[in-house]
Amino acid sequence: MAAILGAGLGGLSTGYYLLKHNISSSLKLFLLEATNNCGGWIKSLKTKDYVFEQGPRTIRPKGINGLNTLNMIQDLGLSEHIFPIRHDHPAAKNRMIFVKNHLHMLPNNVYDIFRTNEPFSKPLINAIFHDLKQQKPHGDLHDDSIYNFVERRFGKEIADYAISPMICGICAGDAKEISVKFLMRTLFEWEQTYGGVIKGLMRSIFKAKQSDVSQLTELAKKAQEEKWNVYTIKGGLETLPITLRDFLAENSVDIQMNTRVKEIEFVDSSLVNLVNQNGESLKVNHVYSTVPAYSLADLVEKQHPELAKNLRSIPFVTVGVVNLYFPSSTSLIQPAFGFLVPPIENSPILGVVFDSCCIPDQKGTVLTVMLGGRWYNRWFGDGATKDALLDVALQHVSSILHIKERPASYNVNILKNCIPQYVVGHYDKVEKIRKYIQDLNLPISLIGCSYDGVGINDVIYSAKTQVEHEYV
Ligand SMILES: Cc1cc2nc3c(=O)[nH]c(=O)nc-3n(C[C@H](O)[C@H](O)[C@H](O)COP(=O)(O)OP(=O)(O)OC[C@H]3O[C@@H](n4cnc5c(N)ncnc54)[C@H](O)[C@@H]3O)c2cc1C
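Residues numbered from 1 in each chain as written. Predicted model: local features only at pLDDT ≥ 70, side-chain atom pairs only at ≥ 80, totals over all residues. Heavy atoms only, no water.

Participant: Lay out the site of the ligand with the relevant residues and their values.
Facilitator: Near the ligand, the surroundings consist of 30 residues, among which Gly-10, Glu-33, Thr-58, Val-454 and Ile-456 are the closest. Here the ligand, which alone exposes 1,000 Å², has 88% of that area covered by the protein. Listed by contribution, the elements that provide at least two residues to the shell around the ligand are helix H1 (9-20), strand E18 (409-420) and helix H17 (456-471). Per element, the largest residue contribution to the shell around the ligand is three residues, and it comes from E18. A class-by-class count of the residues in the shell around the ligand yields 15 nonpolar, 12 polar and three charged. (Near = heavy atom within 4 Å. Areas by Shrake-Rupley, 256 points an atom, 1.4 Å probe, with all protein chains shown as cover. Helix = DSSP H or I, 4+ residues; strand = E, 2+ residues; numbered from the N terminus. Nonpolar A, V, L, I, M, F, W, Y, C, P; charged D, E, K, R; others polar.)

Participant: How would you sum up the packing of aromatic side chains? Please name residues and give values.
Facilitator: Tallied over the full model, the rule gives 13 aromatic pairs. Ring centres of Tyr-16 and Phe-247 lie 5.6 Å apart, and the angle between their planes is 50°; this geometry places the pair in the tilted category. Linking Tyr-16 in helix H1 with Phe-247 in helix H10 (residues 239-250), this pair joins segments that are 231 residues apart in sequence. Across the pair, Phe-247 and Tyr-16 agree in class, each one buried. With centroids separated by 5.1 Å and ring planes inclined at 45°, the aromatic side chains of Tyr-376 and Phe-380 adopt a geometry described as tilted. Placement of both Tyr-376 and Phe-380 in helix H14 (residues 376-380) is noted, with a separation of four residues, approximately one turn of the helix. (Phe/Tyr/Trp six-rings, centres within 6.5 Å; stacked < 30°, edge-to-face > 60°. Buried < 20%, exposed > 50% of the residue type's maximum accessible area, 1.4 Å probe, protein only.)

Participant: Which residues make up the packing of helix H2 (residues 63-75) against H17, and what values do they have?
Facilitator: Contact pair H2 / H17: the axes reach a minimum separation of 9 Å and the direction vectors enclose 80°. Between H2 and H17, the angle is such that the two are roughly perpendicular. Contacts from Ile-64, Asn-65, Gly-66, Asn-68, Thr-69 and Met-72 in H2 reach Asn-457, Asp-458, Ile-460, Tyr-461 and Lys-464 in H17. (Axes fitted to C-alpha atoms, helices over the stretch in contact; angles between N-to-C directions. Parallel < 35°, antiparallel > 145°, perpendicular 65-115°, else oblique. Contact = heavy atoms within 4.5 Å.)

Participant: Go over the pattern of salt bridges with me, naming the residues and quoting the values.
Facilitator: Opposite charge on two side chains permits them to pair, given that their charged atoms come into close proximity. Within the structure shown, the criterion is met by 20 salt bridges. Two residues, Asp-49 and Lys-48, come together in a salt bridge whose shortest N-O distance is 3.3 Å. The exposed category is assigned to Lys-48, whose relative accessible area is 68%. Here Asp-246 makes a salt bridge to Arg-245, at a shortest N to O gap of 3.1 Å. A residue is classified by how much of its surface remains accessible, and Asp-246, at 32% relative accessible area, is partly exposed. Residue Arg-245 is classed as partly exposed on the basis of its relative accessible area, which comes to 31%. Salt bridges sharing partners connect three or more residues here, namely Asp-131, Asp-144, Arg-152, Arg-153 and Glu-191. (Salt bridge = Lys/Arg side-chain N within 4 Å of Asp/Glu carboxyl O.)

Distances and angles like these do not, on their own, reveal function.
Set out below in C-alpha cells:
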C-alpha cells in the first residue's frame, strides 16, 4: 500500500504516473487531502460571462518539462480544451512594466535591442558589451542571488527593470534573495567556466542538442510547430486537476477528502503509520509527500526534528489575488499580457494580468491584481481584510489603467504561504534533505513545488521523476 499526501497538482500527477507505470496493480493507492478540494492552488471560478483564475492561469509549453505536461494533457483527452497563445498574439508580444508612473512596453523584437527603450537609459545591446567586458568574480562562486548575477553581467538597469519584475511574476519574490540557479543555472555556469555569458553561449552553440521529437505526442509537436508562447485551458485551468482526479478515481485510487494527516510515524524502511486529525491510523509501505515543506515539517517533527528544521527553512510568501470583472462592451485595456511592477518602485502590487486578453470566452474586461508576495507582511501585516486588499487593487487599477468604474463583480483571496522561495542555497538544502531521507532509508518521496521547481510543469515533472526513481 502507498499513500499520496495532498491532492494539489503534485499529488494528482503522482497518482497519474503511478497508474501509468501500472504500479497500482500490485499496490493499493490512497490519496489523502486535508480540504474538500482537489487541485491545491488551482481554482477557477466560472460564470457565463467570465472566468476568474484564483491561482495559476497559463502554462509554458517549452523545455522537457513543458513538453511532458502536453504529453500528459493529450493522454488525458484534454487536447481539444487547450487554448494556445501563439508567439504573435498580443498576450505573447506585449508585456509591460510600470516604472516612474508610466507603463512601458518591454522590447519584443530584435530591432528594439538597438534602440533606447524607456525606462532603460541605453539600448539593450549595451548589456552584451557589459558582459563581454566584465571579468568573472575572484574565486569560484557556488551560488549567488539572481539580482547580483544579472547586475554583474548585464548592468543594474537590467537587474532592476527586467529580472526583478520577472521574479515577482514567477514566484512573487525578491530577486536579491532568489538563487541564480532558479532561472539562470546555465548562464551562471558559463560565467564560472568561461568567464562570461556570451563567451559561454558562443562555445555552447555548436553543442546544442535537438530534443527527441519521437517522444512527443501530437499536441506537443503542434505546440513546437506553431510556436506557442503559453497556453491555458478553456473553461479554466481547474479542468486539469478535475480530469486527473476522475482518472484516479476510475482507476480505483482511494481518494479521501477532508483528511488532514497530522503525524507521520516511520516504523521501518517499508512501513509508515499515518495519523489523521481524528486520530485514525493508516499503515502504508511508502509515502509520496506533495504537501508544502512547512506542512511536512510538522508531520515528521516528533521523530525527525533535524529533518523538520531543514524543511522549515524553505521560506514561503503570501499573495493577495483580486479578480475584477467589468462588463463594458469596449475593452478597457490595451491588448497585452499585463504589467509587472519592479520592487524598486516600492508598491504593494506585484502586477496586473489582463485576463480578458489571455483567457478565451470572456465577455468584457477581466483583470487580476496580484499583491504582496515577498513584501506582503510589510504592506498588509497579518490581519489585513479582503476589503483592504480590494481597495488597494482598485486604487491602482484606477491610477495606472485609468479605469474609474466599479467592477460589476470581484473576488478576493489571500493565499497564505502559497509560493516557495528558492533563495540562495536552496538546491543544497534540498540535497541535504533528500540525503537525510536516503541515509536513514525512510520510505518517503518528496514531490511538489517546494523542491524541484515552482511552476506547474516543474511539479508535474517532479512527480514523474520521483515515481520513476522509485520504481523504474
Ligand atoms: C497565485 C499563484 C499563481 C500562479 N501562477 C502560475 C502560473 O501561471 N503558471 C504556473 O506554471 N504556475 C503558477 N503557479 C504555481 C502553481 O500553482 C504551483 O506550482 C502548483 O499549483 C503547486 O502544486 P502542489 O501540488 O505542489 O502544491 P499545492 O497546490 O499547495 O497542493 C498541496 C495540497 O496538499 C494539501 N495538504 C497540505 N497539508 C496537508 C496535510 N497535512 N494532509 C493532507 N493534505 C494536505 C493542501 O490542502 C493542498 O491541496 C502559481 C501559484 C500561485 C499561488
